[in-house]
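Descriptive structure summary
One-letter residues, chain by chain:
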Amino acid sequence: MKKTFAVIIAALTAMSFAGCDDYSEVTVAETTDTAVTETQREEETSEPAEKGNATIEETVLFDENGVKLTALALDYENISWVELKLLIENNSGEELDLNCHSVSVNGYMINESMYIEAADGEKIEDSLTLNYMYLEDCGIDEIADIEFTLDIFDTELENYTDSSVVRICTTAAETFEYTYDDSGEPVYNENDFKIVVRGIDEDASLFGPGMIVYIENNSDRYVTVYVEDEYVNGVEMDAVFACPIAPGKRAVDTVVFWESDLEENKITTIEEVSLYFYIPDDDTYETIINTEPVNVQFHQSTTRN
């Protein structure tokens, strides 16, 4: 089978495909009602969102080799996102770049990142933004903790200090009950990974509809989950999916199909999706999981215009 990686770096990259024989079958009874469409998101962000009122104490998250990162506050003033206010102090003797990635909230991966350039001797106030629509996708209405990986590089892109996982807890953390919604049809549950299909979101993105999946990474590895050999209603079809998941975290993401491909093949209703999941280690590129292909049927998929 030919393997290709779907990587999203500004421009979206489509994947190529091979045959799809001997699929195990899974049925999803109806389109999920937990998906939040783009239209719904626009309507919901037209008024200030109510996303809890947890606060944080000013906390030093990182203080090594002349670099200090302090969490100042949570700011809920923006109607589209909550901000984690940060203070960066660079007394390292050189210009540095700070990169924040692998962001999670309450154990769910959130599609956010941060990049800051700091000259020597400079103090910078910046923020990590957490978009409400990503929080809603994960069912998060109160922030108990925020975790991310901090990388610091010099101007030659050499690693100035080792990557560090930093975590800040809010006033909600002490009494917060960490529960995770793994409802849907499981298509894989082995080797420390669980993948569940929830349904079809007809308005998943500007590029087209998609299949919503819930994924657990119960291993000690940083991974990215990909899909390969995708078919919609038996037709070979391009899809976009690259879901990074830190160790011990969960994610809710969508396998997006191109609207143009569906129109070209006169597909107005997604009734069946066939594919398999591929999971390599982000650090070593070693293949961890290459699932058997699965065939997911949607009996009440929404008809598209």
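Treat the numbers as computed from the prediction; the structure is a model and nothing was measured.

Further remarks concern the side chain of Asn106. As for its position among the elements, Asn106 is in the loop between strand S7 (96-105) and strand S8 (108-109). At 2.8 Å, the side chain of Asn106 forms a polar contact with the backbone nitrogen of Ala144. The contact partners of Asn106, leaving out residues within four places of it in the chain, are Ile140, Glu142, Ile143, Ala144, Asp145, Phe176, Tyr178 and Tyr180.

Right, let's get into the nonpolar core. Considering soluble globular proteins, one finds that nonpolar side chains tend to be buried as a cluster. Ranked by size, the top nonpolar core spans 39 residues in total, and within it Leu84, Leu128, Leu130, Ile146 and Phe148 carry the most contacts. It is S7 that provides the largest number of residues to this core, a total of 5 residues. Look past the residues within four positions of Leu128 in its chain and what remains in contact with it is Val82, Glu83, Leu84, Leu86, Cys100, Val103, Glu112, Ser113, Met114, Ile146 and Phe148. Judged by nonpolar contacts, the second largest core, of 34 residues, contains Val187, Ile200, Met211 and Ile267.

With that out of the way, let us pick up the pattern of salt bridges. Scanning the entire structure with this criterion turns up 11 salt bridges. Here Glu147 and Lys249 are joined by a salt bridge, their closest N and O atoms 3.3 Å apart. One end of the pair, Glu147, is in strand S11 (residues 145-154); the other, Lys249, is in the loop between strand S19 (242-245) and strand S20 (250-257), with 102 residues separating them in the sequence. Residue Glu147 shares its accessibility class with Lys249, and that shared class is buried.

What counts, and at which threshold
- Within any chain, residue numbers begin from 1 and follow the written order of that chain's sequence.
- A pLDDT threshold of at least 70 governs which residues receive local features in this predicted model, and a stricter bar of 80 or more applies before side-chain atom pairs are shown or counted, although totals over entire chains, interfaces and linings include all residues.
- Values reported for side chains reflect all heavy atoms of the structure, with hydrogen atoms and water molecules removed beforehand.
- Only DSSP runs of H or I reaching four residues or more are called helices, and only runs of E reaching two or more are called strands; each is numbered from the N terminus.
- Polar contacts, as counted here, are pairs of nitrogen or oxygen atoms within 3.5 Å of one another; within protein the pair requires one atom able to donate a hydrogen and one able to accept it, and residues that are adjacent in sequence qualify only if both atoms are side-chain atoms.
- Residue contacts are counted whenever heavy atoms from the two residues lie within 4.5 Å of one another.
- For this analysis, a nonpolar core means a set of buried residues of the types Ala, Val, Leu, Ile, Met, Phe, Trp, Tyr and Cys, connected via side-chain atoms within 4.5 Å.
- Burial status follows relative accessibility: with a 1.4 Å probe on protein chains alone, a residue under 20% of its type maximum counts as buried, one over 50% as exposed, and anything between as partly exposed.
- What makes a salt bridge here is a side-chain nitrogen of Lys or Arg within 4 Å of a carboxyl oxygen of Asp or Glu, nothing more.

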